[in-house]
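# A structural walkthrough
Chain residues, written in single-letter form:
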Amino acid sequence: MSATPASGSGDSPTSSFLTHRRCISLSAMNVVLPDNSKLELPDGATGLDAARAIGPKLAEQAVLIRSNGNVQDLRLPLRDGEQIQILTTRDKNDPDALYVLRHSTAHLLAEAVRRLYPGVKVAIGPPIENGFYYDFDFPDPIREEDLEKIEAELNRELKEGREWTRREISRDEAKVLFEQEGEPYKVELVDTAEGDISLYTQGDFTDLCRGPHLQNSKPIKAVKLTSLAGAYWRGDSSKPQLTRIYGTAFYSQEDLDAYLARLEEARTRDHRRIGAEQDLFHFDEVSPGSPFWHPKGMVIWNVLEDLRRRENSKRGYTEVKTPIIFEKRLWETSGHWEKFRDNMFFIQQEPGDEHLFGLKPMNCPGHCLVYDSRGRSYRELPVRLAEAGTLHRNEPSGTLHGLLRVRHVTQDDGHIFCTHDQIQDEVFRCLDHAFYLYGLLDLTMHVELSLRPDNKLGSDAEWDVSEGALRSALRSRSVEFVEMPGEGAFYGPKIDIHMEDSLGRRWQLGTVQLDFMMPQRFGLAYQTADNEQKTPAMIHRALFGSMERFIGILIEHYAGAYPFWLAPVQIRVLPVGEAHAEGAHAIAARLAERGFRVEVGEATETVGKRIRSAELEKIPFVVVYGDRESEASLAVRERGGGQFEESLEDFAARLATLVS
Ligand SMILES: [Zn+2]
Ligand SMILES: [Zn+2]
């Protein structure tokens, strides 16, 4: 920035805008702009002052200050030497710029609801990924249809225009204010708020809020209220249930339209919907979070299970099977009792019995016992144990979500016990294995290195070693990755592999975790070449993650149109009329003999209707069999529209290329 305004020189552009401030200091300070130029400002100048010093247009469009990765309200003073970036309405896809827009829209929503529903109490209203919500305590319940009316009121506010003003007040003043307003939730929030209390006001609505907020409502160009849900005050089921209104807002109508189109696409791909349409699985309230797999769902499961077994055995794993319930003392040894107890299910044989059993949430302790079942020599390391074990995790019922968040989890688990010298090579092998599997499924990957969490076991020095080992493994394979401080498992750092699906959404799938703690806790050892006893390192790795979740993600990724090798029904043969049933069954039998999954769609409806329903079910190939067809010439329709005639032999040869 070359146009550095002078300060304190009477008629300079920077002096006049400060005259409204209570204490004007003549001393100056500098802030650093993104191009590393310095901007000189009077002491106490705010982000908005900085924007004005650069230009009136920038000041008008400014929405937020970002400073060293933190966001700051435009109205707050800057510090000398601070690196700042001024975000404007042009940063319309920047997550921070969207947050401030959506947070401000949440306040407008509260204002609209208070006007429409006298007696309503407001609770909290933060921005979230893709939008915002606000929680209300309505005197009478509202319904989904009411959102239209509320949205209209919100749009009316936008048409009128709103300005936000910020002020700081004492805790006592804030309590009096919200008591007078009849807002008990806000009074409670004042009591528990940390630091200074600030208020933001627009129209006739004042909210307790840390900010930041927009200057005014002009940048809010498109708003949509999306849904209603119940939510407990402070997420506590013993507290009152509130009504949560979800919405979203954008800097342009086109962005909102594109978002709604993506949402609609996600809805049509919802694995719960496709799972029902294709008869893959269902859930029942008698066992929340535990899918019931139907025959066609099990076909997908078993194809993946075969893939798991085949690749594990190629890569030197041996399969084991360990119990599902273990005594509490095992969980004390492993550290799960201390760190993971809240996510576990426990069984008491008799009420009051001290003898507690826990359902395993992970396979690792069981595998440690397998390793420790006899003496181990350095010669047999690495020991690679695999088990698709049945795990149970006590996820809160409110967070359960189809196959994507379940309590009954089947992990494609593996544990590698190795010497410290073998760690790097074993991590490489895990990564290669993961890349191979995801490549088969056309998944784009992103890698994260998750570092020590707050509740870690072990010392910082131990973590330095284990984090360093994973970091150097990734670097030496030239894998691009981002580091995620605080995201590691309690026993060790991990490499998390996320995949991006066909809608651009990211899912965490595989994980490779290095652990020096658990082998110590279980007293594992191997005999070295010098006849010493040493503790092996342990690598935990799961590549699909959980089978349940992985299948849920694949269903959405493919929108139910699986690749041929994964499709529950690969071919459906349709006899044109009753007279062709026998011939159609003979064709189906010939294809089934060769290992293909084939069905006959009996002639109960017109051929046209049956073709249509096969298309809806996304079956890869449909063979129509009538007077003109024979083994020498089949009429084949391919998913997606292709049609051809081919002999049974040629068709079977074509199919064989799709499963290799
Ligand atoms: Zn707020
Ligand atoms: Zn493990």
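Each chain has its residues counted from 1, running along the sequence as written. Chain letters and ligand numbers both follow the written order, the letters beginning at A and the numbers at 1. Selection of residues for local features in this predicted model requires a pLDDT of at least 70, selection of side-chain atom pairs for listing and counting requires 80 or more, and totals for whole chains, interfaces and linings are taken over all residues.

Now for the sheet that holds strand β5 (residues 85-88). Strand pairing requires that DSSP identify at least two bridges connecting the strands. Helical segments are the DSSP runs of H or I of at least four residues, strand segments are the runs of E of at least two, and each set is numbered from the N terminus. On the basis of which strands lie adjacent, the open sheet formed by three strands has the order β4-β3-β5 and antiparallel pairing. Bordering the open sheet on either side are β4 (70-72) and β5, each of which pairs with just one other strand. In this sheet, neighbouring strand axes are inclined to one another by 35° on average, regardless of whether the strands run parallel or antiparallel. Looking at chain direction, strand β3 (residues 62-67) and β5 are connected through four bridges and run antiparallel. Paired with Ala62 across the two strands is Thr88, which belongs to β5. Helix-sheet contacts for helix α4 (residues 95-116) involve β3, β4 and β5, and the interaxial angle to β3 is about 130°. Here an angle of 0 to 180 degrees is reported between the N-to-C directions of two axes, which are lines fitted to C-alpha atoms, with helices fitted over the stretch in contact. Contact criterion: two residues are in contact if their C-beta atoms, reconstructed from the backbone, are within 7 Å.

For the pair helix α14 (residues 423-440) and helix α15 (residues 460-476), the least separation of the axes is 9 Å and the interaxial angle reads 55°. Put simply, α14 runs oblique to α15. Considering the relative orientation of α14 and α15, their crossing is right-handed. Along the contact surface, α14 presents Ile423, Gln424, Val427 and Phe428, while α15 presents Ala469, Leu470, Ser472 and Ala473. As a working rule, the residues Ala, Val, Leu, Ile, Met, Phe, Trp, Tyr, Cys and Pro are called nonpolar, Asp, Glu, Lys and Arg charged, and the rest polar, with Gly in that last group. Among the residues forming the contact of α14 with α15, the class breakdown is six nonpolar, two polar and no charged. Throughout this description, any angle smaller than 35 degrees is read as roughly parallel, any larger than 145 degrees as roughly antiparallel, any in the 65 to 115 degree range as roughly perpendicular, and the remainder as oblique. Each helix crossing is assigned a hand: it is left-handed if the near helix lies turned anticlockwise from the far helix by less than a right angle, otherwise right-handed if that turn is clockwise.

Below, the discussion takes up the pairing of strand β25 (residues 494-500). With respect to burial, β25 is a largely interior element, five of its seven residues being buried. In this sheet, β25 lies alongside strand β23 (residues 444-450) in antiparallel orientation, the contact comprising seven bridges. Its bridge partner lying in β25, Thr444 is registered against Glu500. Bridge count for β25 against strand β26 (residues 506-515) is seven bridges, and the pairing is antiparallel. If you follow Met499 over to β26, its bridge partner there is Trp507. Between β25 and β26, which pair antiparallel in sequence order, lie five residues; one of them, Gly504, sits at a positive phi of approximately 80°. Any residue with 12 or fewer other C-beta atoms within 10 Å of its own C-beta is exposed, any with 20 or more is buried, and the rest are partly exposed; the C-beta atoms used are placed from the backbone.

Attention now moves to the sheet that holds strand β18 (residues 346-348). Here we have three strands laid out as an open sheet, ordered β17-β19-β18, and antiparallel in their pairing. At either end of the open sheet lies a strand with only one pairing partner, and these are β17 (325-327) and β18. For this sheet, the mean inter-axis angle between neighbouring strands, taken without regard to orientation, is 35°. Across three bridges, β18 lies against strand β19 (residues 356-359) in antiparallel orientation. Bridge pairing in β19 links Phe346 to Gly358.

The start and end points of each domain follow an automatic or database-based domain assignment. Looking at the protein, the domain boundaries give domain 1 (5-88), domain 2 (95-267), domain 3 (292-558) and domain 4 (569-659). Relative placement of domain 2 and domain 4: their C-alpha centres are 56 Å apart.

To continue, consider unusual backbone geometry. The omega angle of the peptide bond from Gly211 to Pro212 is -5°, so this bond is cis rather than trans. Within the secondary structure layout, Pro212 lies in the loop between β11 (205-208) and β12 (222-232). Backbone geometry at Asn130 places phi at a positive 70°, although glycine is not the residue there. Considering the arrangement of structural elements, one finds Asn130 in the loop between β7 (127-128) and β8 (131-137). Using a count of 13 C-beta atoms within 10 Å as the deciding quantity, one classes Asn130 as partly exposed. Look at Lys618: it is not a glycine, yet its phi comes out positive at around 60°. Looking at the secondary structure, you find Lys618 in the loop between α19 (607-616) and β32 (621-625).

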